[in-house]
Amino acid sequence: MNIPKSSYPRIVIIGGGFGGISLVKKLARKEVQVVLLDKHNYHTFQPLLYQVSTGGLEPDSIAYPIRKVLKDYENFYFRLAEVKEIRPEQKQVKTNIGPLAYDYLVVATGSETNFFGNDEIAKNGMSMKSIPESLNLRSLILENFEQALLTDDLHERDALMNFVIVGGGPTGVELAGALAEIKKGILPKDYPDLDTRRAQINLVQSGDRILNAMSEQASKKAEDFLEDLGVQVWKDTRITSYDGKVAETLTELTFRTATLVWAAGVKGALLHGLDGEALLAGGRIRVNEFNQVEQWPNIFAIGDVACAVSDSFPRGYPMMAQPAIQQGKSLGENLVRLLEGKAMKPFVYWDKGSMATVGRNKAVVDLPKFRFQGVFAWFVWMFVHLFFLIGFRNRMVVFINWVYNYVRFDREARLIIRPFNRDYKAFKD
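Presented here is a report on the structure given in the accompanying data block.

## A word on empty space enclosed by the protein
Next, step 1: Going through the model one piece at a time under the given rule, you end up with five cavities of 30 Å³ or more.
Next, step 2: Space inside the largest cavity adds up to approximately 340 Å³.
Next, step 3: Of all the secondary structure elements, the ones that give two or more residues to the lining of the largest cavity are α2 (49-53), α7 (170-185), β23 (354-359), α11 (375-388) and α12 (392-408).
Next, step 4: Considering every element that reaches the lining of the largest cavity, the biggest residue donor is α7, with four residues.
Next, step 5: Here the lining of the largest cavity is composed, by residue class, of 10 nonpolar, six polar and five charged.
Next, step 6: In this structure, the second largest cavity spans a volume of roughly 100 Å³.
Next, step 7: Considering the residues around the second largest cavity, the lining is formed by 14 residues, among which Thr54, Ile141, Leu142, Ile182 and Arg414 are closest to the centre.
Next, step 8: Among the secondary structure elements, those contributing two or more residues to the lining of the second largest cavity are α5 (131-148) and α8 (187-190).

## Brief notes about the nonpolar core
As a rule of thumb, nonpolar side chains are buried together in soluble globular proteins.
Next, step 1: Grouped together as the largest cluster of nonpolar side chains are 66 residues, with contacts concentrated most on Leu48 and Leu226.
Next, step 2: When near neighbours in sequence (up to four residues on either side) are disregarded, Leu226 contacts Val173, Ala176, Gly177, Leu203, Ile210, Val231, Val233 and Val358.

## Considering the pairing of strand β6 (residues 83-87)
Next, step 1: Summarising the sheet, β6 and strand β7 (residues 92-95) pair through four bridges and their orientation is antiparallel. Residue pairing across strands places Arg87 opposite Gln92, the latter belonging to β7.
Next, step 2: Where β6 folds back on β7, the antiparallel hairpin that results is connected by four residues, among which Lys91 adopts a positive phi of roughly 55 degrees.

## What about the layout of surface pockets?
Next, step 1: The space that makes up the second largest pocket amounts to roughly 350 Å³.
Next, step 2: Around the second largest pocket sit 17 residues that line it, and Lys25, Ile325, Lys329, Phe388 and Ile390 are the ones nearest its centre.
Next, step 3: When contributions to the lining of the second largest pocket are tallied by element, the ones reaching two or more residues are α1 (18-26), α10 (321-339) and α11.
Next, step 4: Residue composition of the lining of the second largest pocket, grouped by class: seven nonpolar, five polar and five charged.

## Brief notes about the packing of α11 against α12
Next, step 1: Packing of α11 against α12 brings their axes to within 9 Å, and their N-to-C directions diverge by 155 degrees. Of the possible angle classes, the one that applies to α11 and α12 is roughly antiparallel. You can see that α11 and α12 cross each other, and the crossing is right-handed. Within the contact between the two elements, α11 uses Trp378, Trp381, Met382, His385, Leu386 and Phe387 and α12 uses Arg395, Val398, Phe399, Trp402 and Tyr406.
Next, step 2: Looking at the contact of α11 with α12, its residues break down into nine nonpolar, one polar and one charged.

## Description of the sheet that holds β7
Next, step 1: If you trace the three strands from one edge of the open sheet to the other, you get β6-β7-β8, paired in antiparallel fashion. The sheet is open, and its two edges are formed by β6 and β8 (98-101), each paired on a single side. Across the sheet, the mean angle separating the axes of adjacent strands is 20 degrees when strand polarity is ignored.

## Some words on the environment of Lys345
Next, step 1: Note on placement: Lys345 falls in the loop between α10 and β23.
Next, step 2: The sequence separation of Lys345 and Glu112 amounts to 233 residues, and the corresponding C-alpha distance is 30 Å.
Next, step 3: Here Lys345 is in contact with Phe290, Asn334 and Arg337, once residues within four sequence places are set aside.

## Here we look at the sheet that holds strand β24 (residues 362-366)
Next, step 1: Taken in spatial order, the three strands make up an open sheet running β23-β24-β25, and their pairing is antiparallel. Of all the strands in the sheet, the pair left with one neighbour each is β23 and β25 (371-373). Between one strand axis and the next, the sheet turns by 5 degrees as a mean value, whatever way the strands run.
Next, step 2: As paired strands, β23 and β24 are joined by five bridges and run antiparallel to one another. When the sheet's bridge partners are listed, Ser354 is paired in β24 with Asp366.

## A short note on the environment of Arg209
Next, step 1: Here Arg209 shows up in the loop between β12 (200-204) and α9 (216-228).
Next, step 2: Residues Arg209 and Ile3, 206 residues apart in the sequence, show an inter-C-alpha distance of 51 Å.
Next, step 3: When sequence neighbours within four positions are dropped, the list of residues in contact with Arg209 reads Met214, Ser215, Glu216, Ser219 and Lys235.
Next, step 4: Within the local environment of Arg209, its side chain forms a polar contact with the backbone oxygen of Ser215, the two atoms lying 3.4 Å apart.

Conventions we followed
- Residues numbered from 1 in each chain as written.
- Predicted model: local features only at pLDDT ≥ 70, side-chain atom pairs only at ≥ 80, totals over all residues.
- Heavy atoms only, no water.
- 1 Å grid on protein atoms, 1.4 Å probe; cavity = no way out; pocket = protein on both sides within 12 Å on 5 of 7 lines; lining within 4 Å.
- Points joined across faces, edges and corners; volume = space filled by probe spheres on them.
- Helix = DSSP H or I, 4+ residues; strand = E, 2+ residues; numbered from the N terminus.
- Nonpolar A, V, L, I, M, F, W, Y, C, P; charged D, E, K, R; others polar.
- Core = buried A, V, L, I, M, F, W, Y, C linked by side-chain atoms within 4.5 Å.
- Buried < 20%, exposed > 50% of the residue type's maximum accessible area, 1.4 Å probe, protein only.
- Contact = heavy atoms within 4.5 Å.
- Pairing = 2+ DSSP bridges.
- Axes fitted to C-alpha atoms, helices over the stretch in contact; angles between N-to-C directions.
- Parallel < 35°, antiparallel > 145°, perpendicular 65-115°, else oblique.
- Left-handed = near helix turned anticlockwise from the far one by under 90°.
- Polar contact = N/O pair within 3.5 Å; in protein donor to acceptor, adjacent residues only side chain to side chain.

Any link to function would need more than the numbers given here.
Written out as structure tokens, the structure reads:
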């Protein structure tokens, strides 16, 4: 990898997500050598992936070059690499570009879509955990409407304009709201020769309410917002199969659809070598109060891939940006303390609340002491997301896009740049 030898301890970080970037910044100008490994050369602001999928933003608005994050730091190195295996006994990671030794290792690989073992849905459904997946979904959505213009079969046309979103968490709710706004304000202008009123957006939730990690007040209000937008919310409904044409449930209810988006769960993105049963809890790496893998004191894990429990979170902290950011900062301080021979401080998570947007002027916000919904919540949601975007350019581009979309009620990025190769003949058959 051509990483120079150094008298400083080498800290290898796997993953350039929220946790990894937060840790990198905390280690700036410390007497350590830091090597960051990631299979992409950019950091992705995942909370806004759904806006890429629905044409509200271009992908470069929510991506930031990792090398630009590191450019002002000494003794920091980035390598574009995919980690294949961790070898704790040898204190080494094996990658597609060669092995790398470490003194301390931090696993911050994030999460991946959890299909809960349903291979058929994994094969035929769409997920939205990365920029390439979001671009695939954007292309498929637009291609379906183009294809709907070409068919004389009413049932096939309806299926092409029928969207099923599985999972009533923030991702599913925000995507459903965005699609509903496209149906209302954009499709009639783009496709005047197509009866887009027949387009359907279905949000399917296996539990008895959407946004079940938020308050009942937020859940109820979000459902009201969605129904006002024309979204059909199906609760206590579980999708069991999807063959690319028909989605079946545990009941007699079925959905004939060309687009099923799976937003029903995530799991830790584990690496070989740290995936043994003794190390795992709920599909995530078990760590102690210092984010340390107990069996290997020089290995740490933070963010979605780590399961750190507390009295308030017996199943681990939520798989969101804030825990990862806070864990990265805490671990950075603890690594410095460890190298100075001082005792590490336990990580304490500060729950700042949660929020979700349902569309134009519609959002729900749960803070530790306040809960509110509607227009003000929507402005709060926008401000928070702009604040946590990396880079002044990205903040300005996203802000200008949002203002333009709000004033013009438009989404300019509805482009099929990279077609998603769907076999429409097989769908028709």
